[in-house]
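Residue strings, one per chain:
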Amino acid sequence: MQSKQRERLHVAIIMDGNGRWALRRGLPRVAGHRAGVATVRRVVEGALDLGIVRLTLYAFSSDNWSRPGSEVQSIFWLLRAFLRLEAERLQRRGVRLNVIGRRDRLAKAVLREIDRAESMTAAGSCLHLCVAIDYSSRDAIARAAVGVNASLPNEISRSPDLFRPLLTQALGAEGGEVDLLIRTGGEKRLSDFLLWESAYAELLFTDRMWPEFDETDLAAALEEFNRRERRFGAVPTNTVESVTSTV
Ligand code: FPP
């Protein structure tokens, strides 16, 4: 891996390509999800190593409920197992885990593992790992907007940042401004993920299927990010200089 970088970055990942990875190998789709969990472990280690402070993973979108019941069951089985088996290691590694998304449609057994993992890791200060489950950005924004009626609509329209606490409430945990959004699996879309939080995110799409993605790919993504110029709607610094020099 290339030399360690120290970045205080929020990296969000749409983990796509598990199913195709498996089918290409003549395996059932669930084998791709299982391999995807191994990638999650690798990428969490990579994020710690690279000094990323926040990592948000899109594990299950609200639209994923429309998948065959057996696949949904397998994904939740894997998620539960991950939370149950990894919480202690995450705690040791200084990782704080939170789940964002709707909780009212999750099974009690899943909710129990989420609560346990969140409280066990609450003191983690090296990396904030957010796992998006039953997550829909539009849904979160729409539910947060309902709160605007009751709370200062004029102030919020003047300063959209005041909307953030309402969104945090709708998500169950803070979404956080995204610096770099990565999507594996070759598709180039956002699929209702962190739409508000990614307003100024750099986007990176890779053809690697999620089970193939590793720390080296994450490090390469950060290098690509470092080559980008983030302007947040302003003009490049040297442009300002040349304009002022001609005034
Ligand atoms: C997308 O691949 C992946 C998912 C919908 C599920 C992701 C879940 C995991 C990696 C397992 C659990 C996660 C954690 C955080 C432990 P796809 O099935 O849409 O792939 P395809 O586009 O090739 O069909």
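Rules of the game
- Residues numbered from 1 in each chain as written.
- Predicted model: local features only at pLDDT ≥ 70, side-chain atom pairs only at ≥ 80, totals over all residues.
- Heavy atoms only, no water.
- Salt bridge = Lys/Arg side-chain N within 4 Å of Asp/Glu carboxyl O.
- Helix = DSSP H or I, 4+ residues; strand = E, 2+ residues; numbered from the N terminus.
- Buried < 20%, exposed > 50% of the residue type's maximum accessible area, 1.4 Å probe, protein only.
- 1 Å grid on protein atoms, 1.4 Å probe; cavity = no way out; pocket = protein on both sides within 12 Å on 5 of 7 lines; lining within 4 Å.
- Points joined across faces, edges and corners; volume = space filled by probe spheres on them.
- Nonpolar A, V, L, I, M, F, W, Y, C, P; charged D, E, K, R; others polar.
- Pairing = 2+ DSSP bridges.
- Axes fitted to C-alpha atoms, helices over the stretch in contact; angles between N-to-C directions.
- Contact = heavy atoms within 4.5 Å.
- Parallel < 35°, antiparallel > 145°, perpendicular 65-115°, else oblique.
- Left-handed = near helix turned anticlockwise from the far one by under 90°.
- Core = buried A, V, L, I, M, F, W, Y, C linked by side-chain atoms within 4.5 Å.

K.L.:
Would you mind going over the pattern of salt bridges with me for this structure?
P.N.:
Between side chains of opposite charge, pairing is possible as soon as their charged atoms come close. Evaluation of the coordinates by the stated rule reveals 26 salt bridges. In this structure, Arg20 engages Asp16 in a salt bridge whose closest nitrogen and oxygen atoms are separated by 3.3 Å. One salt bridge in this structure joins Arg20 and Glu187, with 3.8 Å as the shortest N-O distance. Residue Arg20 is located in helix H1 (residues 18-24), and its partner Glu187 is located in the loop between strand E5 (180-183) and strand E6 (202-205); the two are separated by 167 residues in the primary sequence. By relative accessible area, Arg20 is classed as partly exposed at 28%. Overlapping salt bridges bring together Asp16, Arg20, Arg183, Glu187 and Arg189 as one network.

K.L.:
What am I meant to see in empty space enclosed by the protein here?
P.N.:
Take a probe with the size of a water molecule and roll it over the atoms, and the empty space left behind shows itself. This model, assessed by the stated rule, comprises one cavity of 30 Å³ or more. In terms of residue class, the lining of the largest cavity is built from two nonpolar, three polar and three charged.

K.L.:
What is the right way to read the sheet that holds strand E2 (residues 54-61) from this model?
P.N.:
Whether parallel or antiparallel, the strands of a sheet pair through hydrogen bonds between backbone atoms. Spatial ordering of the open sheet is given by E3-E4-E2-E1-E5-E6, a layout of six strands whose pairing is parallel. Looking at which strands have only one partner, the edges of the open sheet turn out to be strand E3 (95-100) and E6. The average undirected angle you get between the axes of adjacent strands in this sheet is 20°. Relative to the sheet, helix H4 (residues 108-120) contacts E3 and strand E4 (127-135), its axis offset from that of E3 by approximately 145°.

K.L.:
Got a minute to help me understand the pairing of E2 in this structure?
P.N.:
Consecutive side chains along a regular strand alternate between the two faces of the sheet. Buried residues dominate E2, accounting for eight of its eight residues. Examined bridge by bridge, strand E1 (residues 10-14) and E2 share five bridges and lie parallel to one another. Within the sheet, the bridge partner assigned to Ile14 lies in E2 and is Tyr58. The pairing of E2 with E4 spans seven bridges and is classified as parallel. Looking across to E4, one finds that Tyr58 is bridged to Ala132.

K.L.:
Can you walk me through the packing of helix H3 (residues 69-92) against H4 in this structure?
P.N.:
The relative placement of two packed helices is expressed as an angle between their axes plus a distance between the axes. Between H3 and H4, the shortest axis-to-axis distance is 9 Å and the interhelical angle comes to 15°. One finds that H3 runs roughly parallel with respect to H4. For the pair H3 and H4, the sense of crossing is left-handed. In this structure, H3 contributes Phe76, Arg80, Leu83, Arg84, Ala87, Glu88 and Gln91 to the contact, and H4 contributes Ala109, Val110, Glu113, Ile114, Arg116, Ala117 and Met120. Looking at the contact of H3 with H4, its residues break down into eight nonpolar, one polar and five charged.

K.L.:
Looking at this model, I keep getting lost on the nonpolar core. Mind explaining?
P.N.:
Soluble, globular proteins show a tendency: their nonpolar side chains are buried together. Counting residues in each nonpolar core, the largest one holds 46 residues, and the members touching the most others are Val11, Leu55 and Ile133. If one sorts the elements of this core by residue count, H3 sits on top with nine residues. Apart from residues no more than four positions distant in its own chain, Val11 is found in contact with Ile52, Arg54, Leu55, Thr56, Leu180, Ile182, Leu218 and Leu222. By size, the runner-up hydrophobic cluster in this structure holds 20 residues, among which are Ala12, Phe163, Leu166 and Ala173.

K.L.:
Would you mind showing me how to read the environment of Arg138 here?
P.N.:
Tracing the backbone shows Arg138 in helix H5 (residues 137-150). Taking the C-alpha atoms as reference points, Arg138 and Asp192, separated by 54 residues in sequence, lie 6.4 Å from one another. Setting aside its immediate chain neighbours within four residues, Arg138 contacts Asp192 and Leu195.

K.L.:
Mind showing me how you'd approach the layout of surface pockets here?
P.N.:
What the largest pocket holds in volume is close to 660 Å³. The wall of the largest pocket is formed by 31 residues, among which Met15, Asn18, Tyr58, Ala59 and Asn64 lie closest to the centre. Those elements that provide at least two residues to the lining of the largest pocket are H1, helix H2 (29-50), E2 and H3. Here the residues of the lining of the largest pocket are counted per class, giving 14 nonpolar, eight polar and nine charged. The volume enclosed by the second largest pocket comes to roughly 170 Å³. Every residue lining the second largest pocket is listed: Trp65, Val72, Gln73, Phe76, Trp77, Arg80, Arg105, Leu106, Ala107, Ala109 and Val110. Where the lining of the second largest pocket is concerned, the elements lending two or more residues are H3 and H4. Looking at the lining of the second largest pocket, the element that brings in the most residues is H3, giving five residues. Of the residues in the lining of the second largest pocket, the class split is eight nonpolar, one polar and two charged.

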